[in-house]
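Geometric and topological summary
Each chain, letter by letter, is given below.
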Amino acid sequence: MVHWPDNMVTYYGSEKILFSNDAFGQHIASAERFDDQLPLDIILEEAQKYYANIVLPYGKQVQMALEVASELDIEVIAPSHGLIWRTHIPEIIDRYNGWSKNKTEEKAVVVYDSMWGSTAELAETIEKTFTSAGINAKKINLEKTHISDVMTDLLTARYIAVGSSTLNNNMLPSVSGFLTYMRGLAPENRLGLAFGSYGWSGESVVQIMDVLTDCGFKLLPEIKVQYRPSDKMLENAAEDLKESLEQNLSEDEKEKEKAQKYRCETCGYIYNPEKGDPEGDIKPGTSFEDLPDDWVCPICGASKDLFLAVD
């Protein structure tokens, strides 16, 4: 089962066909039947949209299905929706493996709706700031874009910025609807940013922050402006966001260093920070850099300078 209890994956061994039901599907209608009869980028985009809007909450089930499928000799994948895979099977399996593990790229989606254009100005500033920081960004107006298309971009985006004006002490209905939809699809391991302009009370930004927190996202400092932002306000917002991005990237590098494994050149022993070295009184969670200078390999006794980082 990947999606619903009645949607089972079936393998037809004599023909080496995997009838995958909802897995590997696309919402696409064409006279062509196979994946080598249309441009691959179009098919993969439609497969990504299908996954983001239908399969995303079921990543663990997808991983189990992929594990079973890896042991099968598959020449054809026939989903219940969209084109049949017969040529680009490795490509779609690779995409599913990444999507189901919630792997993201260094890119941002800036999703918003604006009443009189002030929040739209903030959205443009935020998009430009992400781009100037080397993070690919896409600005999406909910008034013009369907939420299913937003989710397609969001599936692989690490940063999610959501903005709204305040209307009757609430965020705009379009933003509220999108956030409800996104929360149900349960993306994980994202960095969230709430922003918006307001005239009187300004509850929308706090409400957005609450939803992003409920989703389990780590939050960047919010951007909140009363009335139409001046050029100076936009400059300040850009500087604040740039600073928080740099700080977050620095923290990420530190986390990577903590998790970095090292291999002994002499005997091949691998030091794993998650496990530490209990016999040497090194607690789990101790990075290689934090090991005492006199620490040695527990297998062969080699010193720290004879260890190399493992890719």
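Below or above, wherever it landed, is the structure these notes cover. As the structure is a prediction and not an experimental result, all values here were calculated from the model.

What follows deals with the packing of helix 6 (residues 173-185) against helix 7 (residues 204-214). Here helix 6 crosses helix 7 at 10°, and the two axes come no closer than 10 Å. Relative to helix 7, the element helix 6 lies roughly parallel. Note on element contacts: helix 7 touches helix 6 through Ile208, Val211, Leu212 and Asp214, opposite Val175, Leu179, Met182 and Arg183. A breakdown of the residues in the contact of helix 6 with helix 7 according to their chemical character gives 6 nonpolar, no polar and 2 charged.

Turning to the pattern of salt bridges, a few remarks are in order. The tally for this structure, following the rule as stated, stands at 9 salt bridges. Lys128 is paired through a salt bridge with Glu124; the nearest N and O atoms lie 3.3 Å apart. Placement of the pair is Lys128 and Glu124 together in helix 4 (residues 118-132), with a separation of 4 residues, close to one helical turn. In this structure, Asp153 and Lys138 form a salt bridge, with 3.0 Å as the shortest nitrogen-oxygen distance. Of the two residues, Asp153 is situated in helix 5 (residues 147-154) and Lys138 in strand 5 (residues 136-141); the sequence distance between them amounts to 15 residues. Among the charged side chains, a network of salt bridges with common partners joins Lys16, Asp73 and Glu75.

Close contact between helix 5 and helix 6 brings their axes to 11 Å; oriented N to C, the two are set at 50°. Between helix 5 and helix 6, the crossing angle belongs to the class labelled oblique. At the point where helix 5 passes helix 6, the crossing takes the right-handed sense. Facing helix 5, whose interface residues are Ile147, Ser148, Val150, Met151 and Leu154, helix 6 presents Phe178, Tyr181, Met182 and Leu185.

Let us now look at unusual backbone geometry. Even without a glycine there, the phi angle at Asn168 is positive, about 50°. Judged by its relative accessible area of 65%, Asn168 falls in the exposed class. Phi at Ala186 takes a positive value of approximately 55°, unusual for a residue other than glycine. Inspection of the secondary structure puts Ala186 in the loop between helix 6 and strand 9 (191-198). Overall, the relative accessible area of 35% leaves Ala186 in the partly exposed class.

Our next topic: the nonpolar core. Judged by nonpolar contacts, the single largest core of 47 residues is most densely connected at Phe24, Trp85, Tyr96, Phe178, Leu179 and Met182. Not counting residues within four places of it along the chain, the set of residues in contact with Phe24 comprises Leu18, Leu66, Ile77, Pro79, Trp85, Ile92, Ile93 and Tyr96. Ranked by size, the runner-up nonpolar core spans 21 residues in total, among them Val110, Leu193, Leu220 and Val225.

In space, the 3 strands of this open sheet follow the order 1-2-3, with mixed pairing throughout. Edge positions in the open sheet fall to strand 1 (10-12) and strand 3 (76-79), since each of these has one partner strand only. Each neighbouring strand pair of the sheet contributes to a mean axis angle of 20°, computed without reference to strand direction.

Rules used in this analysis
Counting restarts for each chain: residues are numbered from 1 in the order of the written sequence. Only residues with pLDDT of at least 70 are given local features in this predicted model, and only at 80 or more are side-chain atom pairs given and counted; all residues enter the totals for whole chains, interfaces and linings. Only hydrogens and water are removed before side-chain values are computed, so all heavy atoms of the structure are retained for them. Interaxial angles span 0 to 180 degrees and are taken between N-to-C directions of axes, which are lines fitted to C-alpha atoms, for helices over the stretch in contact. Helix and strand assignments follow DSSP, with helices taken as H or I runs no shorter than four residues and strands as E runs no shorter than two, numbered in order from the N terminus. Angular relationships are summarised with four words: roughly parallel below 35 degrees, roughly antiparallel beyond 145, roughly perpendicular across 65 to 115, and oblique for the angles in between. Only heavy atoms matter for contacts: two residues are in contact if any of them lie within 4.5 Å across the pair. When residue character is reported, Ala, Val, Leu, Ile, Met, Phe, Trp, Tyr, Cys and Pro are called nonpolar, Asp, Glu, Lys and Arg charged, and the others, Gly included, polar. For this document, the term salt bridge refers to a Lys or Arg side-chain nitrogen within 4 Å of an Asp or Glu carboxyl oxygen. If you view the pair so one helix is near and one far, a crossing is left-handed when the near helix is turned anticlockwise from the far one by less than a right angle, and right-handed when it is turned clockwise. The buried label goes to any residue with under 20% of its type's maximum accessible area, the exposed label to any with over 50%, and the partly exposed label to all in between, with areas taken from a 1.4 Å probe on protein chains only. Residues belong to a common nonpolar core when they are buried Ala, Val, Leu, Ile, Met, Phe, Trp, Tyr or Cys residues joined through side-chain atoms within 4.5 Å. For two strands to pair, DSSP has to find at least two bridges joining them.

Shape is all these values report; function is a separate question.
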